[in-house]
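Residue-level listing of the chains:
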Amino acid sequence: MIAHNKPRAFAAKLALELLMLAVAVIYLVPVWMIVTNSLKPAEKANQLSIQLPDVFLFQNYANVIEQSNALRGLGNGLLLGAVVVVLTVLFSSMAAFYMARAANRMSSFFYSYFVSGLIIPIAIVPTYFTLLILHLNNTYTGLILIFVTYTLPLSIFLYTGFIKSVPRELDEAAIVDGCSSFQMFVKVIFPLLGPVSMTVIVFNFIGVWNEVQAYLFFAGGDKWPLPMTVYLFFGKYSQSWNLVFANILLSIIPSLLLFMSVQKYIVSGLTAGAVKG
């Protein structure tokens with residue numbers, strides 16, 4: 001019976017692998033199209049084919065860097081992403097520590113309140129007028145406040161689940177040693193949050209880097225990060241697809257490097273608090 005089932009198991013495994021290979025090819029086709037068309041002249045790239053270019057025009061990348069003021073876009077993205085992730089890690093980890101350890105009605109209410117931000121849509125118009133009243137529209141401060149607000153719900157959700165998996169005996173030992181609640185968090189709990197912090201950093205940096213809606217409504221072009229500069233090459237009356245694709249490839253490099261450098265922490269950060277989260 002066991003020998004009879006081996007061919008059937010092998011066939012099922014082979015079919016699954018072929019299916020996964022087909023899915024991978026489907027995902028790679030758009031990437032291939034972007035790469036090839038980014039190296040073509042405009043008239044060829046506008047055909048949106050997947051054929052190799054007759055001549056490889058690496059000058060397209062130089063044109064994108066020059067015309068889009070790529071260095072300013074890179075600086076904007078790195079500045080906003082860095083400040084937002086630092087503030088988000090700080091505020092959401094402290095809030096999650098209270099919600100995970102307090103175990104009272106107030107902490108439960110705040111947890112439900114913050115996590116509801118994962119499903120409640122963003123109120124664009126009230127936010128816009130609030131920034132106008134505070135004179136924060138089209139400012140880095142206004143954008144940072146918006147992004148920190150956007151990133152808090154998911155970050156608090158992840159941190160709370162992780163902290164609940166940390167043994168309470170560590171808290172008791174810290175109290176015996178004379179630590180206050182703040183000292184306990186800084187010296188005992190926060191150093192243990194490395195994996196989930198890496199997850200929060202990656203998710204939030206990529207979110208800020210790739211955000212579109214907030215930049216269109218609350219900031220001018222001088223505050224745009226590099227991915228937003230793609231709109232300089234695509235409009236109602238003209239489309240330079242070769243420059244659009246070159247811009248896209250340049251724009252994904254920072255977030256791709258960040259993801260590749262810390263990817264081993266992401267799964268552990270997402271699953272560490274799954275049992276008690």
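Source: prediction; values computed, not measured.

The next thing to look at is the layout of surface pockets. Volume-wise, the largest pocket comes out at about 580 Å³. Lining the largest pocket are 20 residues, with G117, I122, T149, Y150 and P153 sitting closest to its centre. Of all the elements, helix 7 (residues 140–164) adds the most residues to the lining of the largest pocket, at seven residues. Looking at side-chain class alone, the lining of the largest pocket contains 14 nonpolar, six polar and no charged residues. Of the volumes computed, that of the second largest pocket is approximately 200 Å³. Those elements giving two or more residues to the lining of the second largest pocket turn out to be helix 7 and helix 10 (194–210). When residues in the lining of the second largest pocket are grouped by element, the largest group, five residues, is from helix 7. In terms of residue class, the lining of the second largest pocket is made up of eight nonpolar, four polar and one charged.

Take L80: it is sitting in helix 4 (residues 70–102). Taking C-alpha positions, L80 is 9.8 Å from W224, a pair spaced 144 residues apart along the chain.

Right, let's get into a nonpolar patch on the surface. A cluster of nonpolar side chains, contributed by F10, L14, L18, L21, V25, V29, W32, I50, L52, F56 and F58, occupies part of the molecular surface with about 1100 Å² of accessible area. One can find F10 in helix 1 (residues 2–37). A relative accessible area of 58% places F10 in the exposed class.

Reading the values: rules and limits
Residues numbered from 1 in each chain as written. Predicted model: local features only at pLDDT ≥ 70, side-chain atom pairs only at ≥ 80, totals over all residues. Heavy atoms only, no water. 1 Å grid on protein atoms, 1.4 Å probe; cavity = no way out; pocket = protein on both sides within 12 Å on 5 of 7 lines; lining within 4 Å. Points joined across faces, edges and corners; volume = space filled by probe spheres on them. Helix = DSSP H or I, 4+ residues; strand = E, 2+ residues; numbered from the N terminus. Nonpolar A, V, L, I, M, F, W, Y, C, P; charged D, E, K, R; others polar. Patch = residues over 30% accessible without salt bridge, like charges linked within 9 Å, V, L, I, M, F, W, Y side chains within 5 Å. Areas by Shrake-Rupley, 256 points an atom, 1.4 Å probe, with all protein chains shown as cover. Salt bridge = Lys/Arg side-chain N within 4 Å of Asp/Glu carboxyl O. Buried < 20%, exposed > 50% of the residue type's maximum accessible area, 1.4 Å probe, protein only.

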